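# Coordinates in review
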Amino acid sequence: MAARNPRKLIAGNWKMNGSRNSLAMVEALRAGAGAGGVGADLLVCPPATLIAPVAQALAGSAIAVGGQDCHALASGAYTGDLSAEMLAEAGATHVIVGHSERREHHGETDAMVRDKMRGAWRAGLVAIACVGETKAQREAGEALAVVGAQVKALLESDVGGANTAIAYEPVWAIGTGLTPTVADVAEVHRLIRATIAQAVGPETAAGVRLLYGGSVKPGNAAELMAADDVDGALVGGASLVADDFLAIARAC
Ligand code: PGA
């Protein structure tokens, strides 16, 4: 059976935050990661306008840069959209797709997210596909069913550890300071791993990194990252502060 990736991936999702002033924070990240030797792979996903300057600031470092969304197609009459190829040209190696804020505010469906994953792969990017239940679904005992169905809808034979990560982000935990118990996170991640294994086999499934996201902070990162089947974190708010982001990475 193919081994799990031994290194955690700590990904920062800046959302619609940041400006050129954030390059100072990126420099601090670079300096901190270089000096401290964090034991995790690091990725920052700034707004699209900052991908090129951030990639430039991180050139030659071990910190990767990603986008927060992409269009499914490579080019065309889609005003305001960006293709995965464009993100790649700007310096991105990863792209988040299907974040719950995209699903909620832009009506993105599982089918659309799957198309975006294909777009990411076509451009050579690693797709970080997000899934997660709402508070009402969790309270109704539907979390496993909802997440299982979302993952199933995203999978196809091309999925593998080199091109895909799945981020489990309970909607009610994002930006709220609330987190599921470690046991709940492990339960959902186990289901995600099993669902991937059904689609592409256990060997391939073992290599797909499963990230937890939702109010990950320096104070809770160690226990969340130690949970079974957790291969990293997708971090929102705490990724905007270099010291916090590095502390999360060091907690792995
Ligand atoms: P948060 O966001 O860490 O601020 O809760 C996580 C995310 O939305 O990816």
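The present account deals with the structure reproduced in this document. These numbers come from a predicted model, not from an experiment.

Calculation rules
Residues numbered from 1 in each chain as written. Predicted model: local features only at pLDDT ≥ 70, side-chain atom pairs only at ≥ 80, totals over all residues. Heavy atoms only, no water. Helix = DSSP H or I, 4+ residues; strand = E, 2+ residues; numbered from the N terminus. Rg over C-alpha atoms; globule rule 2.2 N^0.38 Å. Buried < 20%, exposed > 50% of the residue type's maximum accessible area, 1.4 Å probe, protein only. Contact = heavy atoms within 4.5 Å. Lys, Arg positive; Asp, Glu negative; His and termini not counted. Charge placed at Lys NZ, Arg CZ, Asp CG, Glu CD. Axes fitted to C-alpha atoms, helices over the stretch in contact; angles between N-to-C directions. Parallel < 35°, antiparallel > 145°, perpendicular 65-115°, else oblique. Left-handed = near helix turned anticlockwise from the far one by under 90°. Nonpolar A, V, L, I, M, F, W, Y, C, P; charged D, E, K, R; others polar. Core = buried A, V, L, I, M, F, W, Y, C linked by side-chain atoms within 4.5 Å. Near = heavy atom within 4 Å. Polar contact = N/O pair within 3.5 Å; in protein donor to acceptor, adjacent residues only side chain to side chain. Expected span 1.5 Å × (residues − 1).

## Remarks on the overall build of the protein chain
From N to C terminus, the protein chain includes 11 helices and 8 strands. The C-alpha radius of gyration computed for the protein chain amounts to 17 Å, which stays within 12% of the reference 18 Å derived for 252 residues, consistent with globular compactness. In terms of its C-alpha atoms, the protein chain occupies a principal-axis envelope of roughly 45 × 45 × 35 Å. Counting across all 252 residues of the protein chain, residues that qualify as buried make up 52%. Within the protein chain, contacts between residues separated by at least 24 positions form 73% of all contacts whose residues are at least 6 apart in sequence. For the protein chain, the distance from the average site of its 20 positive side-chain charges to the average site of its 26 negative ones is 2 Å.

## Concerning the packing of helix α5 (residues 110-122) against helix α7 (residues 143-154)
Contact geometry for α5 and α7: axes closest at 8 Å, N-to-C directions at 45°. In terms of their interaxial angle, α5 and α7 are classed as oblique. Judged by the twist between their axes, the crossing of α5 over α7 is right-handed. In contact with Asp110, Val113, Arg114 and Met117 of α5, α7 contributes Gln150, Ala153 and Leu154. Among the residues forming the contact of α5 with α7, the class breakdown is 4 nonpolar, 1 polar and 2 charged.

## A word on the nonpolar core
By size, the foremost hydrophobic cluster in this structure holds 66 residues, and its most contacted members are Ile10, Leu42, Val54, Ile192, Ile196 and Tyr212. Ranked by residue count, the leading element in this core is helix α8 (residues 182-200), at 6 residues. Contact partners of leucine 42, with chain neighbours within four places excluded, come to Ile10, Ala33, Ala62, Ile63, Ala64, Phe245, Leu246 and Ala249.

## Re the site of the ligand
Looking at the ligand, there are 13 residues lining it, with Lys15, His99, Glu169, Gly175 and Ser215 nearest. In the model, an oxygen atom of the ligand is placed 2.7 Å from a nitrogen or oxygen of the histidine 99 side chain. A distance of 2.8 Å separates an oxygen atom of the ligand from a polar backbone atom of glycine 237. The residue inventory of the shell around the ligand, partitioned by class, reads 4 nonpolar, 7 polar and 2 charged.

## Details of the environment of glutamate 156
Position of glutamate 156 relative to the elements: it lies in the loop between α7 and β6 (164-168). Sequence spacing of glutamate 156 and alanine 186 is 30 residues, and the spatial spacing of their C-alpha atoms is 24 Å. Here glutamate 156 is in contact with Arg114, Arg118, Trp121 and Val200, once residues within four sequence places are set aside.

## Thoughts on the packing of α7 against α8
At a closest axis distance of 10 Å, the pairing of α7 and α8 adopts a crossing angle of 35°. Remark: the crossing between α7 and α8 carries right-handed chirality. Side by side, α7 and α8 meet where Leu144, Val147, Gly148, Val151 and Lys152 of the first sit next to Glu187, Val188, Leu191, Ile192, Thr195 and Ile196 of the second. Its residues assigned to classes, the contact of α7 with α8 shows 7 nonpolar, 2 polar and 2 charged.

## Concerning the side chain of histidine 99
Looking at where histidine 99 falls in the secondary structure, it is placed in the loop between β4 (94-97) and α4 (100-106). Relative accessible area serves as the criterion here: at 4%, histidine 99 is assigned to the buried category. Within the structure, the side chain of histidine 99 is placed 3.1 Å from the side chain of glutamate 169, a separation counted as a polar contact. Every residue in contact with histidine 99, bar those within four places of it in the chain, is listed here: Asn13, Lys15, Cys130, Glu169 and Ile174.

## Considerations on α8
The first and last C-alpha atoms of α8 sit 27 Å apart over 19 residues, in line with the 27 Å expected at 1.5 Å per residue. Residues of α8 that are buried include every one of Val185, Ala186, Val188, His189, Ile192, Arg193, Thr195, Ile196 and Val200, and no others. Following α8 by one or two positions, glycine 201 has its phi on the positive side, about 95°.

So yeah, pure geometry; function would need other evidence.
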